[in-house]
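# Reading the structure
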Amino acid sequence: MQASSPFLCFSLCFLVFCHGAFAQLFGFGGQSAWQSSRSFAGPRGCRFDRLDALNPTQRLRFEAGTVEYYDVYNEMLQCAGVSARRTIIEPRGLFLPQYNNAPSLLYIIQGRGIKGMTFPGCPETFQSFQPESEQILTETAESQSQQRIRDEHQKVHRFKQGDIVALPAGVTYWCYNDGDVPLVAIQVFDISNTANQLEPRQRSFFLAGRHQSGQQTYEMGPESYETGPQAYEMERQAYDAGRQAYEAGVRPIGMAPLRGNNIFNGFDTQLLAEALGVNVELARQLQAQNDPRGEIVFVPQGLRMLRPLRSQELQQQEFEESMQAQQQFGESWQGPYNVTANGLDENFCTMKIRANIDRPSRADYYNQRVGRIARVDSQKLPILNLVQMSATRVVLQRNAMITPYWSMNCHCGMYVTQGQGRVQVVNHQGRTVFDGTVRQGQFLLIPQNFAVLKRADRLQGFHWVTFNTNQNAMINQIAGKLSTFKGMPLQVLMHSYRLSIEQARRLKFSRRNEYKLFTPRSPRTTLLDQ
């Protein structure tokens with residue numbers, strides 16, 4: 001009995017350690033929505049005195065697409081610790097493998113494609129085998145079994161318009177456009193996340209190609225990705241001319257210098273070849289010293305890889321979305337998969353990385369005359385506990401409003417996908433730090449706790465997606481159902497604003513049947529007047 005006591009004590013300690021480790025990693029039973037794992041974003045002098053609706057300021061053109069960066073030196077973005085870029089990948093374009101120093105969320109504005117992510121330690125579950133006629137005879141049975149495998153890789157994920165895709169820091173990913181139209185995506189990085197222990201700026205580490213080569217232009221319009229086939233053809237011709245000049249040793253005006261290489265370029269060629277088990281020529285080719293294609297390359301014959309049939313992928317997506325909907329409404333459904341996210345059943349290797357927030361059927365709040373709101377947080381997509389970000393999709397009809405509110409536990413990056421609207425943002429001193437129209441393609445940062453009011457344009461709708469720096473973003477709405485005003489006693493409202501009892505009732509109950517989305521209404525009209 002005495003001999004077993006140390007073993008029992010060790011076993012209990014090990015279980016406690018494992019439970020704490022998984023809880024910390026996946027966010028279950030540990031960190032609440034009120035807590036944040038972000039480090040302080042900027043210098044102590046950050047005050048967010050003036051906000052701007054930003055357009056991309058830098059465009060890098062590559063062989064099969066472009067990457068557009070929002071001002072990386074913008075003071076407000078630096079203070080909030082976020083960075084944003086928009087990527088356009090042409091059909092049959094491959095975004096080369098890379099990893100980043102900070103977690104990010106990717107929203108698909110247009111098109112469809114395939115994304116691969118390689119998690120460390122996860123098995124290659126997708127395998128294809130050579131037919132018997134193609135097998136090469138070898139001396140041993142072990143080597144013969146190895147020859148039967150044609151290829152094997154980790155799971156690939158199909159995505160489409162309206163999807164939010166989570167990308168953890170330090171995880172390699174690549175993307176391919178297998179559709180017929182340009183693939184357009186907006187990506188927001190949380191560079192103040194504790195996962196980033198480098199300098200407070202976004203950095204990409206490429207495993208292939210050359211880093212940030214191409215053409216640059218500045219102060220582009222908000223609709224630069226809707227340029228049509230003719231504009232893309234003109235860009236391609238300009239790129240081809242620049243590439244030919246580069247290969248001839250001449251750098252024309254407008255062609256940016258090659259400012260970096262992939263990570264293999266820094267290794268000694270001989271040592272790299274030995275480490276990878278390849279010859280020196282192949283190791284030199286990995287370093288891409290003479291590859292002018294840039295970060296997005298064209299695949300002439302299309303990308304061929306092992307993946308289920310498209311019909312099977314669609315069935316799997318529908319199955320996953322049905323489970324997500326049932327989880328959303330609190331149903332405990334048991335099917336062929338265990339959907340209980342406890343850190344053991346759902347780990348890196350099997351986690352979902354995407355969720356669609358564009359479908360009307362996925363809306364959390366819906367009003368036929370006003371619009372809809374859909375959000376994705378760690379309750380719906382558990383990998384967000386690792387990324388520590390979330391997103392909200394808002395669609396407002398013409399002239400509709402969203403309740404005045406403030407974000408309680410995060411900064412919010414607002415990207416307009418369609419239409420335009422008026423936005424006002426007010427700081428803690430009651431001073432307006434932004435009052436203007438935000439248009440399609442623009443990005444607006446809304447700091448934590450700053451009060452916000454939004455209204456769609458009278459002639460067109462107002463659609464946007466918000467990227468939040470907390471996996472369970474919380475807002476406090478000022479008016480309407482379940483609001484701050486609704487939760488206060490009438491006497492408090494009366495004495496706070498020097499109102500009569502009738503005025504206090506009107507203030508408290510005017511929007512009592514509306515939640516977050518408000519119908520257009522004249523200031524004189526109240527529910528008590530109807």
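Details of the structure are given in the entry above.
Residues numbered from 1 in each chain as written. Predicted model: local features only at pLDDT ≥ 70, side-chain atom pairs only at ≥ 80, totals over all residues. Heavy atoms only, no water.

What follows deals with empty space enclosed by the protein. Per the stated rule, a full pass over the model turns up 3 cavities of 30 Å³ or more. Roughly 120 Å³ of internal volume is contained in the largest cavity. What lines the largest cavity is a set of 14 residues, among which Thr87, Ile89, Leu106, Lys115 and Cys175 lie closest to the centre. Elements represented by at least two residues in the lining of the largest cavity include exactly β3 (82–89), β5 (104–110), β11 (172–176) and β12 (183–190). Residue composition of the lining of the largest cavity, by class: 10 nonpolar, 2 polar and 2 charged. (1 Å grid on protein atoms, 1.4 Å probe; cavity = no way out; pocket = protein on both sides within 12 Å on 5 of 7 lines; lining within 4 Å. Points joined across faces, edges and corners; volume = space filled by probe spheres on them. Helix = DSSP H or I, 4+ residues; strand = E, 2+ residues; numbered from the N terminus. Nonpolar A, V, L, I, M, F, W, Y, C, P; charged D, E, K, R; others polar.)

Structurally, Gln202 is set in the loop between β12 and β13 (204–206). Within the structure, the side chain of Gln202 is placed 3.1 Å from the side chain of Asn100, a separation counted as a polar contact. At 2.7 Å, the side chain of Gln202 forms a polar contact with the side chain of Ser204. Here Gln202 is in contact with Tyr69, Ser83, Arg85, Asn100, Asn101, Phe189 and Ile191, once residues within four sequence places are set aside. (Polar contact = N/O pair within 3.5 Å; in protein donor to acceptor, adjacent residues only side chain to side chain. Contact = heavy atoms within 4.5 Å.)

Below, the discussion takes up the environment of Lys380. The residue Lys380 is located in the loop between β19 (371–376) and α8 (384–387) in this model. Spatially, the C-alpha atom of Lys380 lies 8.2 Å from that of Ala355, the residues being 25 residues apart in sequence. Side chain to side chain, Lys380 and Asp364 meet in a polar contact 2.7 Å long.

Quick look at the pattern of salt bridges now. This model, assessed by the stated rule, comprises 17 salt bridges. Linking Glu68 and Arg86 is a salt bridge whose minimum nitrogen-to-oxygen distance equals 2.6 Å. Taken together, the residues Glu68 in strand β2 (residues 65–70) and Arg86 in strand β3 connect sequence positions 18 residues apart. The exposure classification of Glu68 matches that of Arg86, with both residues buried. The residue Asp358 makes a salt bridge to Arg393 at a minimum N-O spacing of 3.1 Å. Taken together, the residues span a long stretch of sequence, with Asp358 in the loop between β17 (354–356) and β18 (365–367) and Arg393 in strand β20 (residues 390–396) at a distance of 35 residues. On the basis of relative accessible area, Asp358 is assigned to the buried category, the value being 17%. (Salt bridge = Lys/Arg side-chain N within 4 Å of Asp/Glu carboxyl O. Buried < 20%, exposed > 50% of the residue type's maximum accessible area, 1.4 Å probe, protein only.)

Once that is clear, we can look at a nonpolar patch on the surface. Residues Leu276, Leu282 and Leu286 make up a contiguous nonpolar surface patch of roughly 220 Å² in combined accessible area. When you line up the elements, Leu286 lands in helix α6 (residues 280–286). (Patch = residues over 30% accessible without salt bridge, like charges linked within 9 Å, V, L, I, M, F, W, Y side chains within 5 Å. Areas by Shrake-Rupley, 256 points an atom, 1.4 Å probe, with all protein chains shown as cover.)

Their axes nearest at 9 Å, the elements helix α9 (residues 490–497) and helix α10 (residues 501–509) cross at an angle of 110°. In terms of axis orientation, α9 runs roughly perpendicular to α10. When the axes of α9 and α10 are compared, the crossing they make is right-handed. In this structure, α9 contributes Leu490, Leu493, Met494 and Tyr497 to the contact, and α10 contributes Ile501, Ala504, Arg505, Leu507, Lys508 and Phe509. (Axes fitted to C-alpha atoms, helices over the stretch in contact; angles between N-to-C directions. Parallel < 35°, antiparallel > 145°, perpendicular 65-115°, else oblique. Left-handed = near helix turned anticlockwise from the far one by under 90°.)

Judged by nonpolar contacts, the single largest core of 83 residues is most densely connected at Leu105, Leu396, Val423, Val425, Phe462 and Phe467. Looking at this core, the element that brings in the most residues is strand β22 (residues 412–426), giving 6 residues. Residue contacts for Leu396: discarding those within four places in its chain leaves Val370, Met401, Ile402, Ala456, Gly461, Phe462, His463, Trp464 and Leu517. Residues Leu94, Leu96, Ile114 and Tyr176 belong to the second largest nonpolar core, which totals 8 residues. (Core = buried A, V, L, I, M, F, W, Y, C linked by side-chain atoms within 4.5 Å.)

One pass over the full model with this rule turns up 7 aromatic pairs. With a centroid separation of 5.8 Å and 45° between ring planes, the pair formed by Tyr70 and Phe443 is classed as tilted. One end of the pair, Tyr70, is in strand β2; the other, Phe443, is in strand β24 (residues 443–446), with 373 residues separating them in the sequence. What makes Phe443 buried here is its relative accessible area of 1%. (Phe/Tyr/Trp six-rings, centres within 6.5 Å; stacked < 30°, edge-to-face > 60°.)

Turning to the environment of Ala84, a few remarks are in order. Inspection of the secondary structure puts Ala84 in strand β3. The exposure class assigned to Ala84 is buried, which follows from its relative accessible area of 2%. For Ala84 and Leu106, which are 22 residues apart along the polypeptide, the C-alpha to C-alpha distance reads 9.9 Å. When sequence neighbours within four positions are dropped, the list of residues in contact with Ala84 reads Tyr69, Tyr70, Gln187, Val188 and Phe443.

Another aspect to go through is the side chain of Arg393. On the basis of relative accessibility, which here comes to 7%, the residue Arg393 falls in the buried class. A distance of 3.1 Å separates a polar atom in the side chain of Arg393 from a polar atom in the side chain of Asp358. With near-sequence residues (within four places) excluded, Arg393 lies in contact with Tyr107, Ile357, Asp358, Arg372, Ile373, Ala374, Thr417, His463, Trp464 and Val465.

In this structure, Arg92 is a non-glycine residue whose phi angle is positive, near 65°. Positionally, Arg92 belongs in the loop between β3 and β4 (93–100). By relative accessible area, which is 39% here, Arg92 ends up partly exposed.

On to helix α5 (residues 269–276). Regarding α5, the residues found buried are Thr269, Leu272 and Ala273. The arc that holds the buried residues of α5, viewed along the axis, is 100°, so those residues lie on one side. In α5, the exposed residues that point more than 90 degrees away from the buried face are Gln270, Leu271, Glu274 and Ala275. Turning to α5, the residues buried within the fold contact α6. Put simply, Asp268 is the residue that caps the front of α5, since its side-chain oxygen is 3.1 Å from the backbone nitrogen of Gln270. Backbone geometry just downstream of α5 places Gly277 in the positive-phi region, at approximately 70°. (Arc of directions from axis to C-beta.)

This brings us to the sheet that holds β12. If you trace the 7 strands from one edge of the open sheet to the other, you get β1-β2-β3-β12-β5-β10-β17, paired in antiparallel fashion. This sheet does not close on itself; its edge strands, each paired only once, are β1 (56–62) and β17. Taking each pair of neighbouring strands and ignoring which way they run, the sheet shows an average axis angle of 20°. Inspection of the sheet shows β3 paired to β12 by 8 bridges, in the antiparallel sense. Of the residues in β12, the one forming a bridge with Ala84 is Val188. (Pairing = 2+ DSSP bridges.)

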